[in-house]
Amino acid sequence: MKNGSSAGVVCTFKGTDLANGAGVLDFERGGIDYIRTEQWQTDDALGRGSWSWVNPPDLKNETEVIGELVDIVAKGGNLLLDIPPHADGSIDQVVQKTLFAIGDWLGVNGEAIFASKPWTAGDFGEGPTRISPGSFHEWPIFTPQDFRFTTNGNALFVTAMAWSGDGTFTVHSLNTSSGDGRRVTGVTLLGSNATVKFSVEANGMRLGPVAKPTNVQNAFVFRLHLDNSAVGFVAWDLPDERTPTIVAGGVCHLRWMSGGRGDELVAIELWTGVEWHVVESAVLNTGTYTWIVPEDLPSGEPTLRIRIVDEPFLQHVASFLKQH
């Protein structure tokens, strides 16, 4: 498997069909209520009670799916989501709307999901709302008192599962007795340029008040900077939701969304089939770049990655179509 590739074969099992470590433990329409160190996943569907399109449709909305995804990832799991097509194979407009909304959310908050790990210094989350462990149940609707935790590099992410009325939140798991609570030196709200006021007290970390981001409608992710770390993340945001076609010797205009600072430097690299070749070693994180495509593109799909220079673990990889 090449670096940055999603190619591979995964064997899943249910219950005790296989020994732990022999495959990925799978829960059909369900999950667990603890952090599991071994790989596991939920396989679920947008349709309630059906894996295919039925009339009249009974579909989950983006708020439900995003809440489910965040809850699963905080426990170390993956979500495999079934999309119900019509009989002719087309995807209903309602389903498309939900999928685009989930994609928009990930475009802003993906660093708390992709390549993240559970917060092992504490629990997967806190708050009054938890799932019933096992299979064949729906996820509950979360409240502003519910939080889920993930880590990525030197950052700890606190996802508020719903917005509070006054824009203030108290995270009890992070307090003056918690090691990570004492290490917090800054807080940012993904999707917002507003300054987030915070204080770490005996009964928890107080966040806000802060205005609700205009481009996020569901779960809200606070990035906690630990020990003055410079944290950033880049996710591709390609025009028209389409994968651009790369022409050897041509020009490709790249755009991306970043949770990092504009004065940070990013590196852009091309996968040669053997190693990463530097396209730009240090370019300002402005969100745009004009790539002069080389004449001698490697075989296969051109694959680029963009990463924060000072924190190379913060990176994103994207593959493009090549015109033959």
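To be clear, the structure that these remarks concern was listed above.
Anyway, here's the lowdown on the structure attached to this text.

Criteria and cut-off values
- In this convention, every chain numbers its residues from 1, walking through the sequence in written order.
- Restriction of local features to residues with pLDDT of at least 70 applies here, the model being predicted, together with a cutoff of 80 or more for giving and counting side-chain atom pairs; totals for whole chains, interfaces and linings are based on all residues.
- Side-chain figures throughout are based on the complete set of non-hydrogen atoms in the structure, without hydrogens or water.
- When DSSP finds two or more bridges between two strands, those strands count as paired.
- Put simply, DSSP H or I for four residues or longer makes a helix, DSSP E for two residues or longer makes a strand, and each gets a number counted from the N terminus.
- Residues count as neighbours in contact if any of their non-hydrogen atoms are within 4.5 Å of one another.
- Between N-to-C directions, angles span 0 to 180 degrees; the directions come from axes that are lines fitted to C-alpha atoms, helices contributing only their stretch in contact.
- The term salt bridge refers to a side-chain nitrogen of Lys or Arg lying within 4 Å of a carboxyl oxygen of Asp or Glu.
- Accessible area is worked out with a 1.4 Å probe on protein chains only. A residue is then buried under 20% of its type maximum, exposed over 50%, and partly exposed in between.
- For this analysis, a polar contact is any N or O atom pair within 3.5 Å, provided that within protein one partner can donate a hydrogen and the other can accept it, and provided that sequence-adjacent residues contribute only side-chain to side-chain pairs.

## Here's the deal with the sheet that holds strand S3 (residues 40–45)
Pairing in this open sheet of four strands is parallel, and the strands run S1-S2-S3-S4 from one edge to the other. One side of each edge strand has no neighbouring strand; the edge strands of this open sheet are strand S1 (12–13) and strand S4 (77–82). In this sheet, S4 lies alongside S3 in parallel orientation, the contact comprising six bridges. Paired with Thr42 across the strands is Leu79, a residue of S4. Across the sheet, helix H1 (residues 62–74) touches S3 and S4, and the angle it forms with S4 is around 150°.

## Thoughts on the sheet that holds strand S9 (residues 169–171)
In space, the three strands of this open sheet follow the order S9-S12-S11, with antiparallel pairing throughout. In the strand order of this sheet, the two ends are held by S9 and strand S11 (198–201), each with one partner. Across the sheet, the mean angle separating the axes of adjacent strands is 20° when strand polarity is ignored. As paired elements, S9 and strand S12 (residues 204–207) share three bridges and run antiparallel to each other. When the bridges of S12 are listed, Phe169 appears paired with Leu207.

## Details of the pattern of salt bridges
Counted by the stated rule, this structure contains 17 salt bridges. In this structure, Asp44 and Lys60 form a salt bridge, with 2.6 Å as the shortest nitrogen-oxygen distance. You can see Asp44 sitting in strand S3 and its partner Lys60 sitting in the loop between S3 and H1, a full 16 residues away along the chain. Its relative accessible area of 4% is what places Lys60 among the buried residues. Each of Arg29, Asp44, Lys60, Glu68 and Glu138 takes part in salt bridges that share partners, so that together they form one network.

## A few points about unusual backbone geometry
With an omega of -5°, the peptide bond between Asn55 and Pro56 qualifies as cis. Note on placement: Pro56 falls in the loop between S3 and H1. Residue Pro209 is reached from Gly208 by a cis peptide bond, and omega for that bond is 10°. Among the secondary structure elements, Pro209 is positioned in the loop between S12 and strand S13 (220–226). At Ala115, a residue that is not glycine, the phi angle is positive and equals roughly 60°. Along the polypeptide, Ala115 turns up in the loop between helix H2 (93–109) and strand S5 (117–118). Even without being a glycine, Phe136 presents a positive backbone phi close to 60°. Looking at where Phe136 falls in the secondary structure, it is placed in the loop between strand S6 (125–126) and strand S7 (147–152).

## Let's talk about the side chain of Asp71
For Asp71, the position within the fold is in helix H1. Given a relative accessible area of 0%, Asp71 falls into the buried group. Separated by 2.7 Å, the side chains of Asp71 and Arg148 make a polar contact. When near neighbours in sequence (up to four residues on either side) are disregarded, Asp71 contacts Phe124, Ile131, Trp139, Phe142, Arg148 and Met161.

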